[in-house]
Amino acid sequence: MLVVEGLDVAYGRIQALHGLSIRVEEGEIVTLIGSNGAGKTTTLRALSGLHRPSRGSVRFEGKAIENASAEQIVRLGMAHAPEGRRIFTRLTVLENLEMGAYLVRDRSLVSQRLEQVFGLFPRLDERKAQSGGTLSGGEQQMLAIGRALMAGPRLLLLDEPSLGIAPLLVRQIFTEIARINREMGTTILLVEQNANLALKTAHRGYVLETGRIVLEDTAERLLVDPEVRKAYLG
Ligand code: ATP
């Protein structure tokens with residue numbers, strides 16, 4: 001479904017990704033784990049058209065998208081949920097969710113997706129008239145995911161859903177991530193620092209270190225890999 005080959009991404013003279021290659025097959029949850037500054041967010045920004053790579057190719061369902069705009073990429077069926085603090089804090093929960101569906105003309109489809117998101121995250125339903133900025137960190141994370149789902153993506157890119165959230169809510173969010181994959185059939189690329197939880201949720205994983213993929217395997221095997229255990233599961 002997604003084939004990334006030899007991706008280089010730089011911020012001015014600082015090169016953040018060095019020849020990154022990953023694949024995501026339809027129906028999978030694939031995780032990209034790595035520590036602070038490894039290049040996880042940069043990868044998602046490059047895939048979703050927010051930062052142009054200087055080299056390499058990205059194919060989504062057979063189409064080359066490395067030079068496509070963020071809007072074209074959403075239209076093709078790939079949506080990005082940035083880490084939770086990137087919601088629109090002055091807009092209400094409902095307005096945030098509707099923004100996620102701004103390319104969808106069919107109002108009944110928008111209502112249907114809203115119901116689906118509220119089904120996954122009943123807290124968002126309870127707080128739909130509240131402004132995004134008044135939500136807790138975990139609720140903002142749910143909103144970021146919900147907003148991406150409103151675009152009806154076949155591939156969902158998730159940036160660090162565990163970041164800055166109370167452990168109990170983190171578990172709940174990861175349970176919902178698995179449900180989105182299983183019940184809605186959405187393929188997921190999950191970027192995470194919490195390697196333990198990410199590998200328990202995903203089918204396969206990649207380990208990213210200073211902009212390079214250093215390991216790739218099934219999540220099951222990565223969970224017991226001595227190097228991974230030492231570096232990320234301590
Ligand atoms: P984190 O978990 O801290 O977000 P990350 O794995 O997502 O880490 P990135 O944010 O992708 O890492 O950063 C990768 C590298 O690129 C880091 O060295 C970072 O300092 C650098 N970088 C990221 N954004 C910028 C920017 N806007 N300008 C310059 N350098 C940047």
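In the block above lies the structure referred to throughout.
Which parts of the structure should I look at to understand the overall build of the protein chain?
A count of helical and extended segments in the protein chain gives ten helices and ten strands. In terms of C-alpha radius of gyration, the protein chain reaches 17 Å, essentially the compact-globule figure of 17 Å for 234 residues. A principal-axis box enclosing the C-alpha atoms of the protein chain has dimensions of 45 × 40 × 35 Å. Looking at the 234 residues of the protein chain, the share that counts as buried comes to 51%. Of the contacts formed within the protein chain by residues at least 6 apart in sequence, a portion of 68% connects residues at least 24 apart. Element-wise, carbon and sulfur atoms account for 47% of the exposed surface of the protein chain, whose accessible area totals about 11,100 Å². For the protein chain, the separation between the mean place of its 29 positive charges and that of its 27 negative charges on side chains is 4 Å.

Explanation requested: the pairing of strand β10 (residues 212-218) in the structure shown.
A regular strand places its side chains on the two faces of the sheet in alternate fashion. Two elements, strand β9 (residues 204-209) and β10, share six bridges in a ladder whose sense is antiparallel. Following the sheet pairing, Val207 is matched in β10 by Leu215. In sequence, β9 turns back onto β10 through a hairpin of two residues, with Thr210 there showing a positive phi of about 35°.

I'm lost on unusual backbone geometry in this one. Help?
For residues that are not glycine, phi is negative in most cases, and the peptide bond is trans in most cases. Positive phi, close to 40°, is recorded for Glu160, a residue that is not glycine. Assignment of secondary structure puts Glu160 in the loop between β7 (155-159) and α7 (167-184). Even without being a glycine, Thr210 presents a positive backbone phi close to 35°. Topologically, Thr210 is positioned in the loop between β9 and β10. Look at Thr210 and you get exposed, because its relative accessible area is 60%.

Would you explain the sheet that holds strand β8 (residues 187-192) in this entry?
The mixed open sheet is built from six strands, whose spatial order is β6-β7-β8-β3-β9-β10. Looking at strand neighbours, the two that pair on one side only are β6 (78-81) and β10, the edges of this open sheet. Geometrically, the sheet is characterised by an average inter-axis angle of 15° between neighbouring strands, direction not taken into account. Sheet topology places β7 next to β8; five bridges connect them, and they run parallel. Within the sheet, the bridge partner assigned to Asp159 lies in β8 and is Val191. Across the sheet, helix α6 (residues 137-149) touches β6 and β7, and the angle it forms with β6 is around 165°. The strands that α7 touches are β3 (29-33), β7 and β8; relative to β8, the one it contacts most, it runs at about 155°.

Explain the layout of surface pockets to me, please; I cannot follow it from the model alone.
Over the atoms rolls a probe the size of a water molecule, and its path tells where empty space is left. Taken as a whole, the largest pocket spans an internal volume of roughly 640 Å³. Considering the residues around the largest pocket, the lining is formed by 25 residues, among which Ser48, Leu50, His80, Pro82 and Arg147 are closest to the centre. Listing elements by their share of the lining of the largest pocket, those giving two or more residues are α1 (40-47), α2 (70-76), β6, α3 (93-100) and α6. Here the element with the most residues in the lining of the largest pocket is α2; it accounts for four residues. Tallied by class, the residues present in the lining of the largest pocket amount to 14 nonpolar, four polar and seven charged.

How should I be thinking about the site of the ligand in this particular structure?
Near the ligand the following residues occur: Tyr11, Ala16, Ser35, Asn36, Gly37, Ala38, Gly39, Lys40, Thr41, Thr42, Glu160 and Gln193. Here an oxygen atom of the ligand and a backbone polar atom of Thr41 are 2.7 Å apart. The contact in question runs from an oxygen atom of the ligand to an N or O atom on the side chain of Thr42, over 2.4 Å. For the ligand, whose unbound accessible area comes to 630 Å², protein coverage reaches 59%. Considering each element in turn, the shell around the ligand owes the most residues, three residues, to α1.

Looking at this model, I keep getting lost on the side chain of Arg204. Mind explaining?
Along the chain, Arg204 falls in strand β9. At 2.8 Å, the side chain of Arg204 and the backbone oxygen of Arg23 are in polar contact. A polar atom in the side chain of Arg204 sits 3.3 Å from the side chain of Tyr206. Apart from the residues within four sequence positions on either side, Arg204 is in contact with Arg23, Val24, Glu25, Glu28, Ile29, Val30, Thr31, Glu216, Asp217, Thr218 and Ala219.

Criteria and thresholds
Residues numbered from 1 in each chain as written. Predicted model: local features only at pLDDT ≥ 70, side-chain atom pairs only at ≥ 80, totals over all residues. Heavy atoms only, no water. Helix = DSSP H or I, 4+ residues; strand = E, 2+ residues; numbered from the N terminus. Rg over C-alpha atoms; globule rule 2.2 N^0.38 Å. Buried < 20%, exposed > 50% of the residue type's maximum accessible area, 1.4 Å probe, protein only. Contact = heavy atoms within 4.5 Å. Areas by Shrake-Rupley, 256 points an atom, 1.4 Å probe, with all protein chains shown as cover. Lys, Arg positive; Asp, Glu negative; His and termini not counted. Charge placed at Lys NZ, Arg CZ, Asp CG, Glu CD. Pairing = 2+ DSSP bridges. Axes fitted to C-alpha atoms, helices over the stretch in contact; angles between N-to-C directions. 1 Å grid on protein atoms, 1.4 Å probe; cavity = no way out; pocket = protein on both sides within 12 Å on 5 of 7 lines; lining within 4 Å. Points joined across faces, edges and corners; volume = space filled by probe spheres on them. Nonpolar A, V, L, I, M, F, W, Y, C, P; charged D, E, K, R; others polar. Near = heavy atom within 4 Å. Polar contact = N/O pair within 3.5 Å; in protein donor to acceptor, adjacent residues only side chain to side chain.

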